[in-house]
Amino acid sequence: MSLQSGISIPTLSFKSLCKSLVFLSVFITLSSCNVVKRVKTGEHLITKNTILVDDKVNQNERINNIILQRTNLGMDGFLSFPLKLHVYNLARPNIDSIIEANILSDSTKVKRRTALLSEKQFDRSIESKRNFNAWLKRTGEAPTILDEEKTIKTVTNLRKYYYSKGWFNNEVNYEIVRDSNKRAQVTYKITKKEPYILDAIQPIISTPAIEALYPKFKKATLLKKGEQYDEQNFENERERINSYLRNAGFYYFGQDYIRFVTDTIDTNHKINTELIISDRVIRGDDSTSTEPFKVYKIKEVNIFTDDNFDNRFKAISDTTRFKNYNLYSKNKLKFRPKALTDAVFINEGDTYSDLARSRTSRYLNDLQMFRYPSIDYVPNEVDTTLTANIYLAPRKKYQLSFDLDVSQSNIQTIGFSVTPGLKIRNVFRGAETLEISGIAAIGASKDGAQSENTFFDINEFGGNIRLVIPRLFTPFNTDSIIPKYMAPSTAINLSATSQQNIGLDKQTLSSLLSYNWYPSSTVTNTLELFNIQYVKNLNTDNYFGVYTNSYRRLNSIAQSIGYITTNDNLSIPNQANQFINDVLNGNTSLSSNDDDFLTVNNIEERKERLTENNLIFSTSFDYKKDKRANLFDNDFSIFKWRIELAGNLLSNLAEVFGTPKNNDGNYEVFGVTFSQYFKSEIDYIKYFDLGRKNVLAFRSYAGIAIPYGNSNSVPFAESFFGGGPNDNRAWTAYNLGPGSSNTTNEFNEANFKIHLSAEQRFSLFGNLRGAFFVDAGNIWNVLDNVEEDAATFNSLNSLKDIAVGSGFGLRYDFDFFVLRFDVGFKTYDPSQRIGNRWFRNYNFRNAVYNIGINYPF
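Residues numbered from 1 in each chain as written. Predicted model: local features only at pLDDT ≥ 70, side-chain atom pairs only at ≥ 80, totals over all residues. Heavy atoms only, no water.

Describe the overall build of the protein, and please don't skip the residues or the numbers.
Along its length, the protein carries 16 helices and 34 strands. C-alpha extents for the protein along the principal axes are approximately 105 × 85 × 70 Å. When each of the 857 residues of the protein is scored for burial, the buried share is 41%. Accessible surface for the protein amounts to roughly 46500 Å². Of this, 53% is attributable to carbon and sulfur atoms. (Helix = DSSP H or I, 4+ residues; strand = E, 2+ residues; numbered from the N terminus. Buried < 20%, exposed > 50% of the residue type's maximum accessible area, 1.4 Å probe, protein only. Areas by Shrake-Rupley, 256 points an atom, 1.4 Å probe, with all protein chains shown as cover.)

As structure tokens, then:
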């Protein structure tokens, strides 16, 4: 949601700006005197920590995090204003003594207040003072008081860190500068000296079977001769070897059996390493023995299909053998055997593998058919085999949902909608999921509420059916191209909606056949093989009732040339359409060279485009690489790429069957001209974790849709727009561009877009966050039927029309979502004349206030 400000605040002049800066400087100076308010005599507040590595300041966050006593949040940040410390300083350290001295010790005051408030209210007022004081302490941050013992511990930790990175002979010292104002600055001075380098690596492996594999698994070693010692590489190497061997059948193997012994005596800063892999240790009640590790194979795989709490005492009544899998059920088996065995990567006769186990667990969870699937292995020591038992507890077959919503918008005073839904699991016994949902909405339009029409004159009805199949639904086998460990699935979707008294009263039919698979843990691929959309506009006569800005311009031109009197208005739709025809046919005083003639022509072209029915038959492919480890990871990147082709199949079929073209030279299907275009989008997001809940985030986006063949423009639904809470926040949605045009259209869109964003996010206090941002970008028309020079991208020179917005925002983190409020200012406005674009409307009066859910990117 994006709201244009209605607040009237004067534009900031240079003089008032200077006054504001002077006031801000005085405020910061006075505030800095207050930071030591709760620092006792003889104590010192740490105001700055500096790490010098070989006499150079080190800003690396990982190294700075080693410091045990960090400065208060904001002390060394923007404006050096520690907000949380100031909040903490507002609290009274001895609140009980103050209450006792100022209130409770004065019996007269107590009697007067209890008489006024009652004894219970008086007690509550006292308790509220204590609670508010405690809240200030919880919300704020206590001053970081210098503790030299912790400084010494930090020195020790810094030595350990640089030792772990190969500088075994490093030296770390510290220096503390205290002043008379209870402040202190700490400087840590590190001298790394010469690093140690890895040299020979000698394996000492007790188990012959593992020793035989060493030439294979050493090829990918992380410990390479000539590289500098890094302790983390040794830990990673242990994990790598452990993973390799456990995937090679060594069921009892673990990292504890891997050790590294290093030698640096008289080696001239070289490190000789011994890789020691011990035999298996078997601990009994009274004794311990060792033996070589053995390779285990899968003897059999048992799948218990209905293992839940309710039937825990029931005996197995249904047994099925399918493709070397044993399926056991206490009730009748509800799944086709293949649906379950396709989700299992543990195969009879295979060597034991951790990877097969994790893939099976992930696939079963992705089916969303079972609650907490579990996998257990039972060793058979006689023949070194394993029995794999998979326990499944099916979820309920039917799940109902029901959502009720009350809304208000610029076209209705009030609206109600209900969205019922039904989810059916295992609908065809192949672990498929069928979802059926509908929507029914009614509302009172603002026009209808003021007339004799029915009060609830707006309505929308629709339905959606979605079937998800946990495999690729194709007539041929695709296992060699997309193996089942990529968790492939098929989605088939059918939907229909119908609107009345909403815009142009659209009727929409759509269908989709798509395939989804995961080549790796970070990559997602989606192929929409068939995406068919049909949009029919039932009430095109209401065009000028919806796009009122176009109507006002048209009406103004008609009045200015005397087509109607200044007191009259063109009727909708008859007179408005007739006036357009008269202008374009030369029946008015306007000629084709007049600006008003061109304006009327543009209005007609836009009207024809937005009122035409659309048929889109497209195929698309989406690639997404998301390196985010989890929700708490703030140092990652996301790359998305999408390519789409529409209309090619229909165009080729029309040519093959000799379908005649219409008067405009285009093919039609069922009386509707189908769209033909190429579309591609690239989106890249990068987060940098700066530590202490400070994040620097970037986004770059580019998209283009080129019509060809059967189309000279792309459908409105496939075009791009600028502005809004998730785009350039200094403009409202659809209000930016195209290019440098100064249009007043309600919905500005084009077929080429560039967008860039940078945002600095930081913590204020508690769950409240702040942000400063800069957004840049615009939309243009390119290679379509729009000829207006200001709106088209003609060359790289058009990049001068990139709009820039900047601003600040507040965000409150509710854990499960973030409520966001951003204020955007027009910093560079391409719709203004050249030379007057920078900071032209940079004020609160022309700011855009955005309310959004979660972060913009």
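I'd love a proper account of the sheet that holds strand 4 (residues 171–178), names of residues and values included.
Strand order across the open sheet formed by four strands is 3-2-5-4, with mixed pairing between neighbours. Whereas interior strands pair on both sides, the edge strands pair on one side only; in this sheet they are strand 3 (56–57) and strand 4. Note: strand 2 (residues 45–53) against strand 5 (residues 183–191), eight bridges, orientation parallel. Bridging across to strand 5, Lys-48 finds its partner in Gln-185. (Pairing = 2+ DSSP bridges.)

Talk me through the packing of aromatic side chains; I want residue IDs and the actual numbers.
All told, the structure shown has 52 aromatic pairs when counted by the stated rule. Judged by centre distance (6.0 Å) and plane angle (85°), the ring pair of Phe-688 and Phe-698 falls under edge-to-face. Taken as a pair, Phe-688 in strand 27 (residues 677–691) and Phe-698 in strand 28 (residues 694–707) lie far apart in primary sequence, 10 residues in all. On the basis of relative accessibility, which here comes to 32%, the residue Phe-698 falls in the partly exposed class. (Phe/Tyr/Trp six-rings, centres within 6.5 Å; stacked < 30°, edge-to-face > 60°.)

So what's going on with a nonpolar patch on the surface? Residues and values would help.
On the surface, Leu-810, Tyr-812, Phe-814, Phe-816, Leu-819, Phe-821, Ile-851 and Ile-853 cluster together to form a nonpolar patch covering roughly 740 Å² of accessible area. Tracing the backbone through its elements, the reader meets Tyr-812 in strand 31 (residues 803–813). For Tyr-812, a relative accessible area of 36% gives the class partly exposed. (Patch = residues over 30% accessible without salt bridge, like charges linked within 9 Å, V, L, I, M, F, W, Y side chains within 5 Å. Salt bridge = Lys/Arg side-chain N within 4 Å of Asp/Glu carboxyl O.)

Lay out the packing of helix 13 (residues 548–560) against helix 14 (residues 574–584) in plain terms, naming residues and giving numbers.
Packed helices, taken two at a time, are described by their axes: the angle between them and the distance between them. Two elements in contact, helix 13 and helix 14, have axes whose closest approach is 11 Å; the angle formed by their N-to-C orientations is 65°. In terms of crossing hand, the pair formed by helix 13 and helix 14 is left-handed. Within the contact between the two elements, helix 13 uses Leu-554, Ile-557 and Ala-558 and helix 14 uses Ala-576, Phe-579 and Ile-580. Classifying every residue of the contact of helix 13 with helix 14 by side-chain character gives six nonpolar, no polar and no charged. (Axes fitted to C-alpha atoms, helices over the stretch in contact; angles between N-to-C directions. Left-handed = near helix turned anticlockwise from the far one by under 90°. Contact = heavy atoms within 4.5 Å. Nonpolar A, V, L, I, M, F, W, Y, C, P; charged D, E, K, R; others polar.)

Before we move on, can you summarise the pairing of strand 22 (residues 523–537) with the specific residues and values?
Judged from the 12 bridges that link them, strand 21 (residues 506–517) and strand 22 form a sheet pairing that is antiparallel. By the bridge assignment, Leu-512 is partnered in strand 22 with Asn-531. The antiparallel hairpin formed by strand 21 and strand 22 contains five residues in its connecting segment. As paired elements, strand 22 and strand 23 (residues 614–626) share 11 bridges and run antiparallel to each other. By the bridge assignment for strand 23, Gln-533 is matched with Ile-616.

Quick rundown of the sheet that holds strand 6 (residues 197–205)? Include the residues and the values.
Sheets are built from strands paired through backbone hydrogen bonds, the pairs being either parallel or antiparallel. With respect to topology, three strands assemble into an open sheet ordered 6-8-7, the strand pairing being mixed. The two strands at the open ends of the sheet, each matched to only one other strand, are strand 6 and strand 7 (258–263). Across this sheet, the average inter-strand angle for adjacent strands is 20°, counted without regard to direction. In the sheet, strand 7 pairs with strand 8 (residues 270–277) via six bridges, with the strands oriented antiparallel. Along strand 8, the bridge assignment pairs Phe-260 with Leu-275. Sheet contacts for helix 8 (residues 208–217): strand 6 and strand 8; angle to strand 6, the most-contacted strand, approximately 150°.

Describe the environment of Glu-787, listing the residues and the values that go with them.
With respect to the secondary-structure elements, Glu-787 resides in the loop between strand 30 (768–780) and strand 31. Using a relative accessible area of 75% as the deciding quantity, one classes Glu-787 as exposed. As for Glu-787 and Glu-432, which are separated by 355 residues in sequence, their C-alpha atoms are 51 Å apart.

Now, about the pattern of salt bridges: what can you tell me, with residues and values included?
Scanning the model with the defined rule gives 36 salt bridges in all. For Asp-230, the salt bridge identified is with Lys-165, shortest N-O distance 3.2 Å. Placement of the pair is Asp-230 in the loop between helix 8 and helix 9 (231–246) and Lys-165 in the loop between helix 7 (148–164) and strand 4, with a sequence separation of 65 residues. Assessed through its relative accessible area of 23%, Lys-165 is described here as partly exposed. Across the salt bridge formed by Lys-193 and Glu-171, the nearest N and O atoms sit 2.8 Å from each other. Note that Lys-193 is positioned in the loop between strand 5 and strand 6 and Glu-171 in strand 4, a separation of 22 residues in sequence. The exposure class assigned to Lys-193 is partly exposed, which follows from its relative accessible area of 41%. Its relative accessible area of 39% is what places Glu-171 among the partly exposed residues. A network of salt bridges, in which partner residues are shared, links Arg-729, Glu-759, Arg-761, Asp-775, Arg-811, Arg-820 and Asp-822.

Talk me through helix 14; I want residue IDs and the actual numbers.
What helix 14 keeps buried is the set Ala-576, Phe-579, Ile-580, Asp-582 and Val-583. Down the axis of helix 14, the buried side of the element spans an arc of 165°, and every buried residue falls inside it. Close packing links the buried residues of helix 14 with helix 12 (543–546), helix 13 and helix 15 (595–611). (Arc of directions from axis to C-beta.)

Give a description of the side chain of Arg-820 that names residues and reports values.
With respect to the helices and strands, Arg-820 occurs in strand 32 (residues 818–828). Of the polar contacts made by the side chain of Arg-820, one reaches the side chain of Asn-726; its length is 2.8 Å. Arg-820 has contacts with Pro-725, Asn-726, Arg-729, Leu-810, Arg-811, Asn-850, Ile-851, Gly-852, Ile-853, Asn-854, Tyr-855 and Pro-856, leaving out every residue within four places of it along the chain. (Polar contact = N/O pair within 3.5 Å; in protein donor to acceptor, adjacent residues only side chain to side chain.)

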